[in-house]
Amino acid sequence: MLQCTAVTLLPPDAVLRLTAPGADSPEDPEPYVLCELGTHDDQRTGHAAYLRPGRTPDSPALWFFWTGSGPERTHRAESSPWCPAVLRRLDSGLVRRCALFDHHTAAHSWDVTDPLGDLIAEQLVSGDSPEG
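Residues numbered from 1 in each chain as written. Predicted model: local features only at pLDDT ≥ 70, side-chain atom pairs only at ≥ 80, totals over all residues. Heavy atoms only, no water.

A. Broad picture of the sheet that holds strand β4 (residues 61–67). Pairing is antiparallel in the open sheet, where three strands are placed in the order β3-β4-β5. At either margin of the open sheet sits one strand with a lone partner, and together these are β3 (47–52) and β5 (74–80). Direction aside, the axes of adjacent strands within the sheet are offset by 25 degrees on average. Judged from the seven bridges that link them, β4 and β5 form a sheet pairing that is antiparallel. Counterpart to leucine 62 in the pairing with β5 is serine 79. (Pairing = 2+ DSSP bridges. Helix = DSSP H or I, 4+ residues; strand = E, 2+ residues; numbered from the N terminus. Axes fitted to C-alpha atoms, helices over the stretch in contact; angles between N-to-C directions.)

The structure is reproduced here in C-alpha cells:
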C-alpha cells in the first residue's frame, strides 16, 4: 500500500509546542507535515503525522492529526501511545514494531510504502555521497 500524499501546514500553536523549552526536537521544525498513514479515504479517515518522540522509547509520542481541507480543516496535536502490533518473521527472527499510533486506521507501518523515501534510501545505500 502506498503512503497517503496529504500535506498540511502546521498551525502556529503546534509549532510552539515543538519549539517549547524542553522539547526534544529541532529548533526550526518544518512548516508542513505529510500524512504517514497508508492511502485512505480522505472523507472518512483523518490524516496523521509524527512530530516528536516521547521521553522514553515506549512513552507516547507527539502526533499531529487533521481532517478536511481549506476552511473546513480541523486539527489537533496530542500525545498518543504507540501501536502495540508486532511483525515477527520466524524464518529470520526479525521483529518489527508498528511505527504508528495506537488505534490507527488502515495498514500497519510495515505495509506502507513511501516511494520517494525508498528512492532516497536506495541512493544512500548504493554508496552515493554528497562529498563525492
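B. Spotlight on the pattern of salt bridges. Under the defined criterion, the tally for this structure stands at two salt bridges. The partner of arginine 97 in a salt bridge is aspartate 58, and the shortest N-O contact between them spans 2.9 Å. With arginine 97 in strand β7 (residues 95–97) and aspartate 58 in the loop between β3 and β4, this pair connects stretches of sequence that are 39 residues apart. Here arginine 97 falls in the partly exposed class, since its relative accessible area comes to 45%. One salt bridge in this structure joins glutamate 78 and arginine 76, with 3.0 Å as the shortest N-O distance. The exposure class of glutamate 78 is partly exposed, given its relative accessible area of 31%. Given the relative accessible area of 43%, arginine 76 is considered partly exposed. (Salt bridge = Lys/Arg side-chain N within 4 Å of Asp/Glu carboxyl O. Buried < 20%, exposed > 50% of the residue type's maximum accessible area, 1.4 Å probe, protein only.)

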